[in-house]
Amino acid sequence: MTAPLYLAPRLEHRLTSLLGTKGFLHQLAGALGSPLNVVLPDQIADNLRRFQEVYERRNLSGKVYFAHKANRSSALVRRLADTCAHIDIASLGELRHALGSGFSPDRIMATGPKSPEFLWLAARTGVTVNLDSADELETLVAIVTKHQLPPARVLVRLSEFDSTGATVLSRRSRFGTPVDAFSRLLDALERHRDTVRLTGIAHHLDTIGLTEKATALESCIALMHECAARGLSPHVIDIGGGFGVNYLADSAQWETFTSELSNAVLGSRPPLTWRNHGYGLRNEGGTLRGALGLYPAHRPLAGPRYLDELLGLQAPSLSRPLATLLLENLHELYIEPGRALVDQCGVVLARVLEVRDNAGGECFVRLEMNASDVSLEEHGVLMDPVLVPRPDRTCPSTGPVGVYLIGNLCLEADFITRRMVFLPHRPSPGDLLTFPNTAGYFMDFSADHALHQPIARKVAAYQDGGRWRWCLDENYWPITSGSEDC
Amino acid sequence: MRYDSITEVIGNTPLVRIAPQVHGLRHIDLYAKLEMLNPFGSVKDRAAWNMARPHLAADEGQRTVVELSSGNTAKALAVIAGMHGLPFKSVTNRMKVPEIKDLLLLLGAEIEELPGQAECLDPTNTEDPLTQIHQMLSADGPAYVHTDQYYNPLNVEAHRTSTGPEIITDLGAAPDFFIAAVGTAGSSTGSAQALRAHDPNVRVIGLVAHKSDFIPGIRNIDEVHEVGLFDPATYDTIESVSADEAIDGTLTLVRRCGMLAGPTGGAAYFGAVKHLQTIDEQLTDRRTAVFIVCDRVESYMSYIRKRRPELLRRPPRTNSVATLTQAELAAAPTIDVISARTWMAECRPLVVDLRGAMAFGALHIPGSVNIVDEIFAELLHGGLPFGRSQPVLLTCPVGEQSARYAALLTRMGHTDVRSLTGGIIAWRDAGAPLGRD
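A quick note: this is a predicted structure, and the numbers were derived from the prediction, not measured. (Residues numbered from 1 in each chain as written. Chains lettered and ligands numbered in written order. Predicted model: local features only at pLDDT ≥ 70, side-chain atom pairs only at ≥ 80, totals over all residues.)

A. Broad picture of the overall build of chain A. On a plain count of helices and strands, chain A comes out with twelve helices and 21 strands. For a compact globule of 486 residues, the expected C-alpha radius of gyration is about 23 Å, and chain A comes in at 24 Å, within 12% of that figure. Structurally, chain A occupies a C-alpha span of about 75 × 60 × 40 Å along its principal axes. In chain A, the share of contacts with a sequence separation of at least 24, taken over all contacts with a separation of at least 6, comes to 70%. (Helix = DSSP H or I, 4+ residues; strand = E, 2+ residues; numbered from the N terminus. Rg over C-alpha atoms; globule rule 2.2 N^0.38 Å. Contact = placed C-beta atoms within 7 Å.)

And the structure:
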């Protein structure tokens with residue numbers, strides 16, 4: 001075997017503590033089955049605080065909206081309802097969930113593609129509607145008029161911003177109204193002044209590029225003046241989310257892995273992946289082509305720090321820091337973090353069913369879960385699971401072992417990850433593999449009942465007087481304490 | 001010397017010896033090939049001219065010259081295209097050096113910056129933007145001339161037929177060691193081919209950047225694999241250099257050798273000396289080594305300022321808010337909104353709004369004047385812009401910055417300045433009047 005190439009997850013104190021309670025985790029999985037999702041509601045409140053600190057440091061006013069789509073958990077949403085956070089919902093179901101979890105309508109914003117029913121419930125309850133297009137505006141106006149609802153508060157989502165100087169290209173988005181159609185949208189908003197009230201303008205760019213985001217934010221500041229000149233008085237700029245998460249503890253591990261992956265694709269070292277899959281890289285006559293289709297898993301500038309960096313950038317043409325421009329123009333800043341707010345908020349547990357060596361010397365570890373139960377691979381995030389052996393088992397001194405993690409579907413492609421995963425020692429049936437920091441998009445976004453396999457139950461875990469306790473996710477409320485002993 | 005065209009000035013750059021007391025090597029004569037003295041400022045002039053020339057000679061009509069470059073190749077191509085009346089477009093995944101971006105715009109180039117990586121992985125996006133653009137441009141069409149520096153053999157040829165032979169002519173032989181930073185691999189590959197044809201024993205050292213570092217013009221160990229011209233067999237050794245070491249090398253060249261080299265040349269010097277040191281200790285006879293100074297330092301001031309600000313140390317500015325003590329800040333004279341309104345009615349102080357012009361234009365205290373913070377700082381640098389006893393009310397968004405300037409004015413001897421507590425936001429929240437022009 002080659003030297004182990006670890007990609008150790010970055011673990012803060014709460015996850016570290018949870019993963020240290022071997023007996024607790026085995027009892028949970030024993031009682032509730034594998035796979036099992038565990039969320040940590042108290043962590044999301046800590047994460048919110050870190051975003052708020054960025055606002056405070058820069059004297060900005062505004063609101064932090066949790067992008068609900070990152071996780072369906074009730075515990076996380078209810079815990080957040082008990083803070084001063086707001087919530088961004090993107091479906092009728094999410095809206096009902098947010099309302100039922102304690103978010104009052106003035107703390108909710110509806111985004112994304114919307115059905116008429118979704119628009120009606122939003123307008124009826126008075127949540128802010130983040131409008132995707134001029135057509136959606138007309139649908140909303142028709143609903144408000146027909147049902148004699150109070151004027152709806154709306155933001156308009158814009159896209160395709162122009163840059164000055166060098167052209168800054170951005171991937172085209174399926175969402176939002178192009179900036180060059182903004183003027184016509186304003187005509188409509190003026191026309192419908194009695195039924196909708198423009199409170200702000202919004203955008204969300206799916207990129208980690210700060211330059212693109214700075215260009216878009218500066219454009220929005222200029223467009224606010226255009227609104228004011230029309231006698232509309234929006235006061236909010238919503239810059240969406242996409243602040244990212246730093247998944248890995250060690251930059252050197254990430255750099256070594258990506259270098260070695262290139263070498264494996266070029267054939268200058270043994271494969272690191274099943275059938276030498278290149279994650280988008282390929283070998284064309286000795287030259288590396290294609291793109292590494294992976295999330296930049298070691299990403300020190302992520303979450304609140306990324307927001308702070310963006311706000312500190314000089315606006316490309318106004319040549320003042322973006323935070324200063326927001327502040328001195330008296331604009332409120334809305335953000336919609338999803339993944340970054342549930343950083344360190346959960347873990348997926350899976351039981352080891354079988355450990356098998358094939359004739360070629362490869363080791364397969366079959367888990368009682370499948371790739372859709374922890375969709376790290378689908379989202380391009382490479383991060384090691386943590387092995388939690390059965391409490392009654394003494395760990396063998398076999399040393400590190402490289403294994404392929406395979407799932408419970410009768411399907412060739414059901415690899416939890418195509419990467420060879422290095423574990424500190426050989427696992428045994430009955431051990432748990434825990435996939436930490438998976439609350440953002442990897443836990444319940446893609447899981448389904450293929451082959452009648454069970455999907456994971458979800459529990460909320462919290463510390464009470466130094467001890468870990470748990471309850472079913474749907475039974476968690478912010479007043480929950482000491483519900484079930486472990 | 002007389003020439004008919006600036007392009008004739010490309011090449012024939014001097015080879016200058018580095019004084020032994022600077023590099024400390026006892027048995028090796030180290031020479032710098034001063035490619036920065038090419039007319040457009042870098043080693044890339046040779047490749048750019050060689051790659052573009054065939055398209056300029058033929059009558060191919062109006063076509064846009066396109067290159068994936070964020071630096072010297074773009075600069076040289078912009079000049080050459082401009083001279084021949086052709087538009088030039090530089091496509092880049094990130095312009096990391098702002099001075100070059102401005103220079104390219106000045107030269108009339110169009111710049112397109114490619115989007116950053118998606119935050120959410122899109123599994124349908126299987127191709128990197130660079131490759132996509134590459135394919136788009138390579139498809140036969142009348143609109144573009146794609147010089148394709150990372151794959152174009154004319155890039156290598158430029159150095160095989162000029163840079164390499166010039167070194168042999170100047171030294172009367174091939175050097176024992178040739179050290180070059182690897183960017184497109186054109187200069188190292190081409191020169192190495194010429195030197196080895198003359199003497200197969202030449203040792204070629206390729207330098208790449210540390211993986212987590214950025215050195216302009218140099219690729220890191222992974223990125224070199226994406227270069228079509230890169231062939232590992234060209235190099236006897238590949239070693240890496242950090243950004244810090246590149247700047248150290250630059251410092252030696254600019255301060256001690258009179259060579260105003262940029263960080264790429266600095267990296268080559270640093271990498272050369274580091275590699276040769278251990279060899280030098282074993283030697284008893286004399287050897288020669290050549291490294292390439294790719295371009296000049298002036299375009300990289302922001303790069304150096306960001307990484308090594310202490311190198312650009314200036315004497316502290318007088319009358320600067322940065323020099324205020326905690327005690328001075330704590331003692332800054334302030335006034336709340338209600339008292340300020342009374343004071344304004346009675347004493348009619350000069351109300352100075354320190355916010356940006358756009359913000360001021362949108363909403364401001366009636367009768368106030370707008371002196372943007374940066375300009376106010378410049379004014380104070382020269383002295384008090386109003387009388388010592390002239391009542392002045394300073395405002396900013398939340399009263400933080402105005403308090404700093406109130407403290408500074410007090411230190412400068414002003415006797416009647418106040419900062420509006422809570423700033424324009426407190427003023428607005430108190431329902432005090434705000435006007436718009």
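B. Structural detail: the overall build of chain B. Tallying secondary structure elements over chain B gives 16 helices and 15 strands in all. For chain B, the C-alpha radius of gyration of 29 Å lies well beyond 22 Å, the compact-globule estimate for 437 residues. In terms of principal-axis extent, the alpha carbons of chain B reach across some 90 × 55 × 55 Å. Buried residues in chain B amount to 46% of all 437 residues. Excluding contacts between residues fewer than 6 apart, the proportion of contacts in chain B whose partners are at least 24 apart in sequence is 71%. (Buried ≥ 20, exposed ≤ 12 C-beta atoms within 10 Å, placed from the backbone.)

C. The arrangement of the environment of T211 of chain A in detail. Relative to the assigned elements, T211 of chain A resides in helix α9 (residues 210–229). For the pair T211 of chain A and L313 of chain A, spaced 102 residues apart in sequence, the C-alpha to C-alpha distance is 8.7 Å.

D. Summary view of the sheet that holds strand β10 (residues 287–293) of chain B. Residues and elements named next belong to chain B. In spatial order, the strands read β1-β2-β10-β7-β8-β9; together these six strands make up an open sheet with mixed pairing. On the outer flanks of this sheet lie β1 (15–17) and β9 (237–241), each paired with one strand and no other. This sheet shows a mean twist of 25° between the axes of neighbouring strands, independent of strand direction. In this structure, strand β2 (residues 28–34) lies alongside β10, joined through seven bridges in parallel fashion. Paired with L30 across the two strands is A289, which belongs to β10. Most of the contacts of helix α7 (residues 186–198) go to strand β7 (residues 177–181), to which it runs at about 165°, and overall it touches β7, β8 (203–209) and β10. Contacts between helix α9 (residues 263–282) and the sheet are confined to β2, β7, β8, β9 and β10, with β7 contributing the most and set at about 145° to the helix. (Pairing = 2+ DSSP bridges. Axes fitted to C-alpha atoms, helices over the stretch in contact; angles between N-to-C directions.)

E. Molecular detail of the interface of chain A and chain B. The interface of chain A with chain B comprises 42 residues on the first partner and 38 residues on the second. If you list the elements that add at least two residues to the side of chain A that touches chain B, you get β7 (167–168), α9, α10 (251–265), β12 (287–290) and α12 (322–328) of chain A. The dominant element in the side of chain A that touches chain B, judged by the number of residues it contributes, is α10 of chain A, at five residues. Looking at the side of chain A that touches chain B, its residues break down into 14 nonpolar, 21 polar and seven charged. (Nonpolar A, V, L, I, M, F, W, Y, C, P; charged D, E, K, R; others polar.)

F. Summary view of the sheet that holds strand β13 (residues 369–370) of chain B. Residue and element names in this part refer to chain B. If you walk across this open sheet you meet the five strands as β11-β15-β14-β12-β13, and the pairing is parallel. Pairing within the sheet leaves two strands with one partner each, and these edge strands are β11 (334–335) and β13. In the packing of helix α15 (residues 400–411) onto the sheet, the strands contacted are β11, β14 (392–395) and β15 (417–420), and the crossing angle to β15 comes to about 170°.

G. Expanded view of the pairing of β15 of chain B. Residues and elements named next belong to chain B. Burial of β15 is two-sided: the residues V417 and S419 facing one way and the residues R418 and L420 facing the other way are all buried. Two strands pair when backbone bridges link them, and β14 and β15 are joined in this way by three bridges, in the parallel orientation. Considered in β15, the bridge of V392 is made with V417. The parallel pair β14 and β15 is bridged by α15, and the resulting crossover is right-handed. (Right-handed = clockwise from strand over helix to strand, strands pointing away.)

H. Structural view of unusual backbone geometry. All names here are of chain A. Of note, the amide linkage connecting S34 to P35 takes the cis form, showing an omega dihedral of 0°. For P35, the location among the structural elements is in the loop between α2 (22–32) and β1 (36–39). The backbone of E160 shows a phi angle near 55°, a positive value even though the residue is not glycine. Among the secondary structure elements, E160 is positioned in the loop between β6 (152–159) and β7. Located in the positive-phi region is S319, a residue other than glycine, with phi close to 55°.

I. Here's a closer look at the domain arrangement of chain A. According to the domain assignment, chain A consists of domain 1 (13–40 + 345–475), domain 2 (42–244 + 298–335) and domain 3 (251–290). Taking the mean C-alpha position of each, domain 2 of chain A and domain 3 of chain A sit 39 Å from one another. (Domains from an automatic or database assignment.)

J. Layout of the UniProt feature "modified residue: N6-(pyridoxal phosphate)lysine" (unreviewed entry) in chain A. UniProt records the feature "modified residue: N6-(pyridoxal phosphate)lysine" (unreviewed entry) for K69 of chain A in the present numbering. Once residues within four sequence positions are removed from consideration, K69 of chain A is found in contact with A90 and G338 of chain A. (UniProt positions renumbered as here; feature names shortened; annotations may be inferred.)

K. Molecular detail of the UniProt feature "domain: Orn/DAP/Arg decarboxylase 2 N-terminal" (unreviewed entry) in chain A. Within this numbering scheme, the UniProt entry marks residues 43–263 of chain A as carrying the feature "domain: Orn/DAP/Arg decarboxylase 2 N-terminal" (unreviewed entry). Between the C-alpha atoms that bound residues 43–263 of chain A there is a distance of 39 Å. The span itself is 44% helix and 18% strand.

L. Up close: helix α3 (residues 72–83) of chain B. Residue and element names in this part refer to chain B. In a regular helix each residue adds 1.5 Å, so twelve residues correspond to 16 Å; α3 covers 17 Å between its end C-alpha atoms and thus fits that length. The buried fraction of α3 is high, at ten of twelve residues. Residues N72, T73, A74, K75, A76, L77, A78, V79, I80 and A81 constitute the buried set of α3. Residues of α3 that are buried make contact with α2 (44–57), β3 (64–68), β4 (88–92) and α4 (98–106). Two residues or fewer past α3, G85 is found with a positive phi of approximately 70°. (Expected span 1.5 Å × (residues − 1).)

M. Region of interest: the pairing of β6 of chain A. All names here are of chain A. In terms of residue burial, β6 counts as a mostly covered element, since seven of its eight residues are buried. Where strand β5 (residues 128–131) meets β6, three bridges bridge the pair, whose relative direction is parallel. Paired with L131 across the two strands is V156, which belongs to β6. Each parallel crossover has a hand, and the one from β5 via helix α7 (residues 134–146) to β6 is right-handed. Relative to strand β9 (residues 196–202), β6 runs parallel, the two sharing six bridges. Each bridged residue has a counterpart across the sheet, and for L155 the counterpart in β9 is G200. Relative to strand β8 (residues 177–178), β6 runs parallel, the two sharing two bridges.

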